[in-house]
Amino acid sequence: MKDLLEKPRRVYVSRKIEFNAAHRLFNPDFTDEENGEIYGKCSNKNGHGHNYLLEITLYGVVDPATGFLFDLKELKAILEEEIIERFDHRNLNLDVPELRECVPTTEVLAVLIWDILEQRLRNINNREIALHEVKIYETGKNSVRYLGQ
């Protein structure tokens, strides 16, 4: 294996998780009519829910000693602690402090998840890894990708 990894090999590693959450899309600065025009049925006063599928992609150089970029068991634990515990079976408008003052669209959720994971990965010492992409499927047909820009 050492011959293969003699020169640095940049790879991308992804992990998927699912979580369920509810939200209501509305801007308190808009009238009910304006919210209805902009957000449609997603502005329902009682909210609505999604079965989100989240895909996280890391990139970096393979460790020649282990053959890993990042241990996927460790990534799974991080995602459970940082994402599942924070978002699963929650109302994004009410239960997630970072989303209380904004419209909790999937775009906003992707940016928040990026910030949470980027901070967590930054605190892991001696790792040459970085977050490459956060991709969230809100439905089977709709997804948002965020690359940290």
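One structure accompanies this document, and this report is about it. Here the structure is a predicted model, which is why all the values come from computation and not from measurement.

Section: the packing of helix α2 (residues 72-87) against helix α4 (residues 106-122)
- In the contact formed by α2 and α4, the axes pass within 11 Å of each other and the chain directions differ by 145°. α2 and α4 meet at a crossing whose hand is right-handed. Between α2 and α4, the residues in contact are Ile78, Leu79, Glu81, Glu82, Ile83, Arg86 and Phe87 and Leu109, Leu112, Ile113, Ile116, Leu117 and Arg120, respectively.
- When the residues that make up the contact of α2 with α4 are grouped by side-chain class, the tally is 9 nonpolar, no polar and 4 charged.

With respect to the nonpolar core
- Ranked by internal contacts, the top residues of the largest apolar core, which has 33 residues, are Phe87 and Ile113.
- Taken together, the elements giving at least two residues each to this core come down to β1 (10-23), β2 (48-61), α2, α4, β4 (129-137) and β5 (143-146).
- Ranked by residues supplied to this core, first place goes to α4 with 8 residues.
- Other than its neighbours up to four places away in sequence, Phe87 contacts Phe19, Asn20, Ala21, Glu82, Leu92, Val96, Leu99, Leu109, Leu112, Ile113 and Ile116.

Concerning the environment of Arg9
- Structurally, the position occupied by Arg9 is in the segment before β1.
- On the accessibility criterion, Arg9 (36% relative accessible area) is partly exposed.
- Spatially, the C-alpha atoms of Arg9 and Tyr146 are 24 Å apart, while their sequence positions differ by 137 residues.

Quick look at the sheet that holds β5
- If you walk across this open sheet you meet the 5 strands as β3-β1-β2-β4-β5, and the pairing is mixed. Every interior strand has two partners, whereas the edge strands, β3 (90-91) and β5, have only one.
- Examined bridge by bridge, β1 and β3 share 2 bridges and lie parallel to one another. Pairing of Ala21 across the sheet is with Arg90, part of β3.
- Sitting on the sheet, α2 touches β1, β2 and β3, and the angle it makes with β1 is about 25°.

About the thresholds
Every chain is numbered independently, its residues counted from 1 as its sequence is written. Per-residue local features are limited, in this predicted model, to residues with pLDDT of at least 70; the limit for side-chain atom pairs, both in listing and counting, is 80 or more; totals at the level of whole chains, interfaces and linings are taken over all residues. Computation of side-chain values: all heavy atoms of the structure, hydrogens and water removed. Geometry is summarised by axes, namely lines fitted to C-alpha atoms with helices restricted to the contacting stretch, and by angles between N-to-C directions that run from 0 to 180 degrees. In this description a helix means any DSSP run of H or I spanning at least four residues, a strand means any run of E spanning at least two, and both kinds are numbered starting from the N terminus. Crossing handedness is read from the near helix: turned anticlockwise from the far helix by less than a right angle, it gives a left-handed crossing, and turned clockwise, a right-handed one. Contacts were defined at the residue level, with two residues in contact if any of their heavy atoms lie within 4.5 Å. Just so you know the grouping, Ala, Val, Leu, Ile, Met, Phe, Trp, Tyr, Cys and Pro go in nonpolar, Asp, Glu, Lys and Arg go in charged, and all remaining residues, Gly too, go in polar. What is meant by a nonpolar core is a set of buried Ala, Val, Leu, Ile, Met, Phe, Trp, Tyr and Cys residues, joined one to another through side-chain atoms within 4.5 Å. The cut-offs for exposure are 20% and 50% of the maximum accessible area for each residue type, with area from a 1.4 Å probe on protein chains only; residues under the lower value are buried, those over the upper are exposed, and the others partly exposed. Note: two strands are recorded as paired if DSSP finds a minimum of 2 bridges between them.

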